[in-house]
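# Structure at a glance
Here's the letter readout for the chains.
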Amino acid sequence: MKKGIDVSRHQGNINWGHVNADFAIIRAGYGREVSQKDAQFENNYAGCKSNGIPVGCYWYSYALDVEDAKKEAKACLEVIKGKTFEYPIYFDVEEADQAKLSKSTMSAICKAFCDELEKAGYWVGIYSYASFLKAHISADVRARYAVWVAHTDTAKPNYYGNYGMWQYSHTGRMNGIQGNVDMNYCYLDYPTSIKNAGLNGFKKASETKKTNETKCKTYTVKKDDTLWDIAEKYLKNGSRYKEIMKASNISSETIYPGQKLKIPVI
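The structure displayed is predicted, hence computed values, not measured ones. (Residues numbered from 1 in each chain as written. Predicted model: local features only at pLDDT ≥ 70, side-chain atom pairs only at ≥ 80, totals over all residues. Heavy atoms only, no water.)

### Remarks on helix H7 (residues 190–197)
For H7, the full list of buried residues reads Tyr190, Pro191 and Ile194. Along the axis of H7, the buried positions cluster into a sector of 95°, meaning they face one direction only. Looking at the buried side of H7, the elements it contacts are strand E4 (89–92), strand E6 (146–150) and strand E8 (181–186). Immediately beyond the C-terminal end of H7, within one or two residues, lies Gly198, with a positive phi of roughly 70°. (Buried < 20%, exposed > 50% of the residue type's maximum accessible area, 1.4 Å probe, protein only. Helix = DSSP H or I, 4+ residues; strand = E, 2+ residues; numbered from the N terminus. Arc of directions from axis to C-beta. Contact = heavy atoms within 4.5 Å.)

### Section: the packing of aromatic side chains
In this structure the tally under the stated criterion is 20 aromatic pairs. Ring centres of Phe91 and Phe113 lie 4.0 Å apart, and the angle between their planes is 10°; this geometry places the pair in the stacked category. With Phe91 in strand E4 and Phe113 in helix H4 (residues 103–119), this residue pair connects regions lying 22 residues apart in the sequence. Each member of the pair, Phe91 as well as Phe113, carries the same accessibility label: buried. The rings of Tyr58, Tyr90, Tyr127, Tyr129 and Trp148 are connected pair by pair, giving a single aromatic cluster. Geometry around Tyr45 places Lys83 over its ring, the cationic atom sitting 5.3 Å from the centre. (Phe/Tyr/Trp six-rings, centres within 6.5 Å; stacked < 30°, edge-to-face > 60°. Lys NZ or Arg CZ within 6 Å of the ring centre and 35° of its normal.)

### Observations regarding the environment of Thr154
In this fold, Thr154 is placed in the loop between E6 and strand E7 (165–172). Given a relative accessible area of 31%, Thr154 falls into the partly exposed group. Sequence separation between Thr154 and Tyr168 is 14 residues; the distance between their C-alpha atoms is 7.5 Å.

### Details of the pattern of salt bridges
This structure, assessed with the given rule, holds 12 salt bridges. In this structure, the salt-bridge partner of Arg27 is Asp38, at a minimum N-O distance of 2.7 Å. Of this pair, Arg27 sits in strand E2 (residues 23–30) while Asp38 is found in the loop between E2 and helix H1 (41–50), placing the two residues 11 residues apart along the sequence. For Arg27, a relative accessible area of 9% gives the class buried. Judged by relative accessible area, Asp38 falls into the buried class, the value being 2%. The salt bridge partner of Glu118 is Arg144, with a shortest N-O separation of 2.6 Å. One end of the pair, Glu118, is in helix H4; the other, Arg144, is in helix H6 (residues 139–144), with 26 residues separating them in the sequence. Linked through salt bridges whose partners overlap, the residues forming this network are Lys37, Glu42 and Lys83. (Salt bridge = Lys/Arg side-chain N within 4 Å of Asp/Glu carboxyl O.)

### Some details on a nonpolar patch on the surface
A cluster of nonpolar side chains, namely Met1, Tyr187 and Leu188, defines an oily patch on the protein surface of about 340 Å² accessible area. Mapped onto the elements, Leu188 comes out in the loop between E8 and H7. The exposure class assigned to Leu188 is partly exposed, which follows from its relative accessible area of 45%. (Patch = residues over 30% accessible without salt bridge, like charges linked within 9 Å, V, L, I, M, F, W, Y side chains within 5 Å. Areas by Shrake-Rupley, 256 points an atom, 1.4 Å probe, with all protein chains shown as cover.)

### With respect to the packing of helix H9 (residues 227–234) against helix H10 (residues 241–248)
Packed helix pairs are characterised by how far apart their axes lie and by the angle those axes make with each other. Between H9 and H10, whose axes approach to 8 Å, the crossing angle comes to 100°. Taken together, the axes of H9 and H10 are roughly perpendicular relative to one another. Across the interface between the two elements, Leu227, Trp228, Ile230 and Ala231 from H9 touch Tyr241, Ile244 and Met245 from H10. (Axes fitted to C-alpha atoms, helices over the stretch in contact; angles between N-to-C directions. Parallel < 35°, antiparallel > 145°, perpendicular 65-115°, else oblique.)

### With respect to the side chain of Asn200
Along the chain, the position of Asn200 falls in the loop between H7 and helix H8 (205–212). The exposure class of Asn200 is buried, given its relative accessible area of 0%. Polar contacts involving the side chain of Asn200 include one to the main-chain carbonyl oxygen of Tyr87, which spans 3.0 Å. The contact partners of Asn200, leaving out residues within four places of it in the chain, are Lys83, Thr84, Phe85, Tyr87, Pro88, Ile89, Gly121, Tyr122, Trp123 and Ile194. (Polar contact = N/O pair within 3.5 Å; in protein donor to acceptor, adjacent residues only side chain to side chain.)

The following block contains the structure:
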C-alpha cells in the first residue's frame with residue numbers, strides 16, 4: 001500500500017523538495033476549455049518529476065451530457081499531452097447538477113470521457129464520493145475503469161466493488177504544503193502496470209528495447225574476407241571489427257565464406 005496526496009491550485013506554491021509522499025495526483029484542469037488548465041498544474045507536474053514523486057492527474061467535470069464529456073476529454077488531452085504519468089488520469093464527477101441526472105446519463109458521461117482518453121493511450125479512472133459512485137454510476141461502468149473513492153472520517157469507505165485508491169482525509173498535513181491537503185491510500189501497483197502496458201506517455205518495455213537495439217544489416221562473407229577488411233569497408237575503421245563480432249554473436253575472429261554476419265549501420 002502507498003500513501004499519497006492530491007493537490008490543485010488551492011494548495012498554492014508547493015515546495016515539492018520537502019514533500020514526503022509515495023505519489024501525488026494533481027489537478028490538470030476543469031471544464032471544456034484548455035484555458036481552464038489548473039493554474040499550478042505545470043509547477044506541480046515539474047515538482048513531482050524533479051523530486052522523483054510518481055504522479056497522476058485528474059480533470060474536474062461539469063459535463064451534463066455526452067458531448068460535454070467529450071469536449072472535456074479533448075481539453076484534458078491537450079493539457080496533458082507530451083507528459084508521462086505513473087498513475088491514472090481520473091475523471092472527477094461530483095457536481096450537484098450531475099447528481100440530478102439519471103444514472104444512465106451519468107454513466108454515459110463517464111464512459112464518454114474515459115473512452116476518449118483510452119483511445120489516446122491513457123489508463124483512466126473515475127473519482128467521486130462513495131455515495132455518488134453508488135447512486136449515480138452503474139456497476140458495469142465502475143467495474144470497467146479504475147476507481148478512486150472518497151470517504152473521509154471512517155475506518156473504510158462505504159463502497160461495494162473494487163477500488164484502487166481511497167481518499168480518506170481532506171485535512172491532512174504534509175511538509176512543503178501550507179494548510180490542509182487531501183490524503184489517499186493506493187492499493188495497486190499502477191506505475192508498473194502502466195509502464196508495462198506502454199500507457200500514459202510511456203513506451204512498452206519491448207518497444208524501448210527495440211529502440212535501443214543497434215540497427216544492423218546482414219552481410220554474407222566472401223572468399224578472402226577478413227573481419228578487419230569488412231569493418232574497414234562498412235564501418236570506415238578496421239579496428240571496429242569487434243562491433244561486428246558482438247552484433248553477430250560470434251567469439252572467434254575466424255570467418256568463412258557463406259557465413260552471415262551482422263554489421264551495425266552507421
